[in-house]
Amino acid sequence: MKKQIISNLLSSGVEKFVVIGIQFISSIILIRMLPRDDYGIMGIVAGYFTFVNIVNISLESIILRDHKKFDSDLQKVMQDFFGFNLLKSAFIIMVALCLSAFLTSIYDNSGFVYAIWSITLITVADSLTAPFAIYFASKFNQKLVTKISVLRSVFGLLILLGLFAYPYLWFVALKDLIISMLFVGTWFYLAVNKLGFRPEVEKPDFSFIGHIFFTYSFWTHLNGIVTSFIYKSDTFFLSLFVSLAMVGDYNIALNSANIANILPMIIGYQNSVALSHARDKAHALKLSNAFLRLSLLIGAITLAGFYGLGEYYLYIVTGTYENNQIFFYMMCIVGGLVLVKTFASPLVSYIAIHGSIQKMVIQVSLPMALVTMTAYFISAAYFQTQGVAVANLLVASVWLLLLGVYLETMENHFIKKLLWGAK
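Residues numbered from 1 in each chain as written. Predicted model: local features only at pLDDT ≥ 70, side-chain atom pairs only at ≥ 80, totals over all residues. Heavy atoms only, no water.

Quick word on empty space enclosed by the protein
Okay, step 1: Per the stated rule, a full pass over the model turns up two cavities of 30 Å³ or more.
Okay, step 2: Lining the second largest cavity are 13 residues, and of these Ile230, Tyr231, Gly336, Leu337 and Asn392 lie nearest its centre.
Okay, step 3: Secondary-structure elements contributing two or more residues to the lining of the second largest cavity are helix H8 (206–232), helix H13 (324–354) and helix H14 (357–410).
Okay, step 4: Top contributing element to the lining of the second largest cavity by residue count: H14, with five residues. (1 Å grid on protein atoms, 1.4 Å probe; cavity = no way out; pocket = protein on both sides within 12 Å on 5 of 7 lines; lining within 4 Å. Points joined across faces, edges and corners; volume = space filled by probe spheres on them. Helix = DSSP H or I, 4+ residues; strand = E, 2+ residues; numbered from the N terminus.)

Quick notes on the side chain of Asn323
Okay, step 1: Following the sequence through the fold, Asn323 ends up in the loop between helix H12 (281–318) and H13.
Okay, step 2: Within the local environment of Asn323, its side chain forms a polar contact with the backbone oxygen of Thr320, the two atoms lying 2.4 Å apart.
Okay, step 3: Beyond its immediate sequence surroundings of up to four residues, Asn323 is in contact with Leu314, Tyr315 and Thr318. (Polar contact = N/O pair within 3.5 Å; in protein donor to acceptor, adjacent residues only side chain to side chain. Contact = heavy atoms within 4.5 Å.)

A few points about the packing of helix H5 (residues 111–138) against helix H7 (residues 169–194)
Okay, step 1: Running from N to C, H5 and H7 cross one another at 15 degrees; their axes reach a closest spacing of 9 Å. Classified by the interaxial angle, the pair formed by H5 and H7 is roughly parallel. Handedness of the H5/H7 crossing: left-handed. (Axes fitted to C-alpha atoms, helices over the stretch in contact; angles between N-to-C directions. Parallel < 35°, antiparallel > 145°, perpendicular 65-115°, else oblique. Left-handed = near helix turned anticlockwise from the far one by under 90°.)

Here's the deal with the nonpolar core
Okay, step 1: Counting residues in hydrophobic clusters, the biggest one holds 80 residues, and the most contacted among them are Leu163, Ile230, Tyr250 and Met330.
Okay, step 2: At 17 residues, H14 tops the list of elements feeding residues into this core.
Okay, step 3: Once residues lying within four places of it in the same chain are set aside, the contact partners of Met330 are Ala253, Ser256, Ala257, Phe306, Gly310, Tyr313 and Leu314.
Okay, step 4: In terms of nonpolar packing, the next biggest core, distinct from the first, is built from 34 residues, Phe84, Leu144, Phe197 and Phe213 among them. (Core = buried A, V, L, I, M, F, W, Y, C linked by side-chain atoms within 4.5 Å. Buried < 20%, exposed > 50% of the residue type's maximum accessible area, 1.4 Å probe, protein only.)

Comments concerning the packing of aromatic side chains
Okay, step 1: Taken as a whole, this structure holds 27 aromatic pairs when the rule is applied.
Okay, step 2: Where Phe237 meets Tyr376, the ring centres are 6.3 Å apart and the plane angle is 55 degrees; that geometry is what we call tilted. Highlighted residues: Phe237 in helix H9 (residues 234–239) and Tyr376 in helix H14, separated in sequence by 139 residues. Accessibility classification places Phe237 together with Tyr376 in one group, the buried group.
Okay, step 3: Put simply, the rings of Tyr48, Phe51, Phe229, Phe236, Phe237 and Tyr376 pair up and form one aromatic cluster.
Okay, step 4: Over the face of the ring belonging to Phe208 we find Lys76, whose NZ or CZ atom lies 5.0 Å from the ring centre. (Phe/Tyr/Trp six-rings, centres within 6.5 Å; stacked < 30°, edge-to-face > 60°. Lys NZ or Arg CZ within 6 Å of the ring centre and 35° of its normal.)

Purely geometric numbers; function is a separate question.
If you want it as structure tokens, here you go:
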């Protein structure tokens, strides 16, 4: 299994580095070609979508844990996921319609319509295809997932070059429409030919869905909502107190800093895949120990890299050296990401597979939602962009503290066992 884990890690690494590179180029094009207000609109919409994601329930996350059980009746399982995701996508589209009307009337700016439909198309495409991507990855076929992800990013960048001729948000939405259609079509073609899946528009088995939802997915979904809320809601709270241009500046820092999230995310995801194949608890602890040490190393390198090269990085992104405030925002956000994701990703993966995700949500995630909301609101109201940037460090520290306390209550000296190996 070691070779398969390494293969999955390498494939994920290739995928993320290529995707990161393309996202980097794409962000430069967007930041330089779009007015700063329009880039601020994109940030505000991303913040609002942290609330929309409350209904974006990911049932298929259970595949990482139970993929072996699903092999005997894969067609029915995938059909149920497909049917549920169709209903969910229809509801998300209705929510997007309401949100478009609401934000357009408040700001009197039609750019919100295009930004909302851009992110809605991406959300729906990811939702419809997620069961296939997770299933192939859980079977150590990350190479296929990587190929499709890379092709999606490459074609997206090629189309985005049209922004030089049409520097408007409607063109970004058009690009996402074309790419989403190609992405969904490719995954369904592969699912039909490699898995024998036959998509049918019919009512899903709600007893199966209900069992998954209430015993596992509801809790992983709540945890995902809080995580997304922590990472993306800051622009929402800023939009209540500052101008679109100031949100645009902060959004540059946020998107630039999010690169620091990529490698820990890979490690956490592949740790989940590896843990689903663990022989016993001791083996699971050994695997998580290795992933945690790798994550800590990457976190230290990431923080040093951003500190040393961050100003030049922002110059490449914005085309100007006048980025002192944006650099400050970015370093605060990177510090928060490294503080949490470096430690938390492998730990949360272990809990999701071998612990109680329900208890973690109750003891860690839900309190963190309240802490995050309070910290961002107060900092935005009284200290605006600088305050929200610093609040990232505060939120990350509290999150890590609560997670450590939970792990110690789950099992005495758990952290010690994880760091030094189970005895």
